[in-house]
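Geometric and topological summary
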Amino acid sequence: MAISDECKLKFLELKAKRNSRFIVFKIVDQAVVVDSIGGPQNTYDDFVAALPPNECRYAVFDFDFTTHENCQRSKIFFIAWSPDTSNVRMKMVYASSKDRFKRELDGIQVELQVTDPSEMSMDIIKSRAY
């Protein structure tokens, strides 16, 4: 499975420059490519809406939060989106290439495997961030 240079570049920009809130990746012709990017003004709801309801995707989301000690923090979530309604073959392709792709993205702090939007509700995101 090839990983486009754009994937790595856009992830580094998200991590260092914080010029985007999320990136959604998809597999096309045996390569992982950027599917969509959400700007810094985008919300978590925009991110969830960017995930197709019947197709697998990888995604990273830069989650800003305030700790119980009132400190501003940020964590980068890696989300493996694999809805129950997606094609079984595609689920297998995404599952088998996930670890290799994730290794290319240095700086992932939290990983979620998600098959339904309820599995990545804001409450779950917050509980995994703290």
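Since this is a predicted model, take the numbers as computed values, not measurements.

Right, let's get into the UniProt feature "domain: ADF-H" (unreviewed entry) in the chain. Per the UniProt entry, the sites bearing "domain: ADF-H" (unreviewed entry) are residues 1-130 in this numbering. Between the end C-alpha atoms of residues 1-130 the distance is 33 Å, and the span holds 34% helix and 32% strand.

On the basis of which strands lie adjacent, the open sheet formed by six strands has the order S1-S3-S2-S4-S5-S6 and mixed pairing. Of all strands in the sheet, those bounded by a partner on one side alone are strand S1 (2-3) and strand S6 (110-114). Of the strand pairs in this sheet, strand S2 (residues 22-28) and strand S3 (residues 31-38) are connected by seven bridges, and their pairing is antiparallel. By the bridge assignment for S3, Val24 is matched with Ser36. Here helix H1 (residues 5-16) sits on the sheet in contact with S1, S2, S3, strand S4 (57-66) and strand S5 (72-81), set at roughly 35° to S3.

The next point concerns unusual backbone geometry. Positive phi values are uncommon outside glycine, yet Arg18 reaches one of about 55°. Note on Arg18: relative accessible area 36%, which makes it partly exposed. Of note in this structure, Asn70 is not a glycine but carries a positive phi near 70°. Checked against the element boundaries, Asn70 lands in the loop between S4 and S5. When its relative accessible area of 64% is taken as the criterion, Asn70 is described as exposed.

What counts as what
- Residue indices follow the written sequence of each chain, beginning from 1 at its first position.
- Selection of residues for local features in this predicted model requires a pLDDT of at least 70, selection of side-chain atom pairs for listing and counting requires 80 or more, and totals for whole chains, interfaces and linings are taken over all residues.
- Note that water and hydrogens are dropped before the side-chain values are worked out from all heavy atoms of the structure.
- UniProt positions are given in the numbering used here, feature names are shortened, and annotations may be inferred rather than shown by experiment.
- By definition, any uninterrupted DSSP run of H or I lasting at least four residues is a helix, any uninterrupted run of E lasting at least two residues is a strand, and each is numbered from the N terminus.
- The rule for pairing is simple: two strands pair if DSSP sees at least two bridges between them.
- Whether two residues are in contact is decided by their heavy atoms: any pair within 4.5 Å suffices.
- Helix axes use the C-alpha atoms of the stretch in contact, all axes being lines fitted to C-alpha atoms, and the angles between their N-to-C directions lie in the range 0 to 180 degrees.
- Buried residues are those whose accessible area, probed at 1.4 Å on protein chains only, stays under 20% of the maximum for their type, while exposed residues exceed 50% and partly exposed ones sit between those limits.

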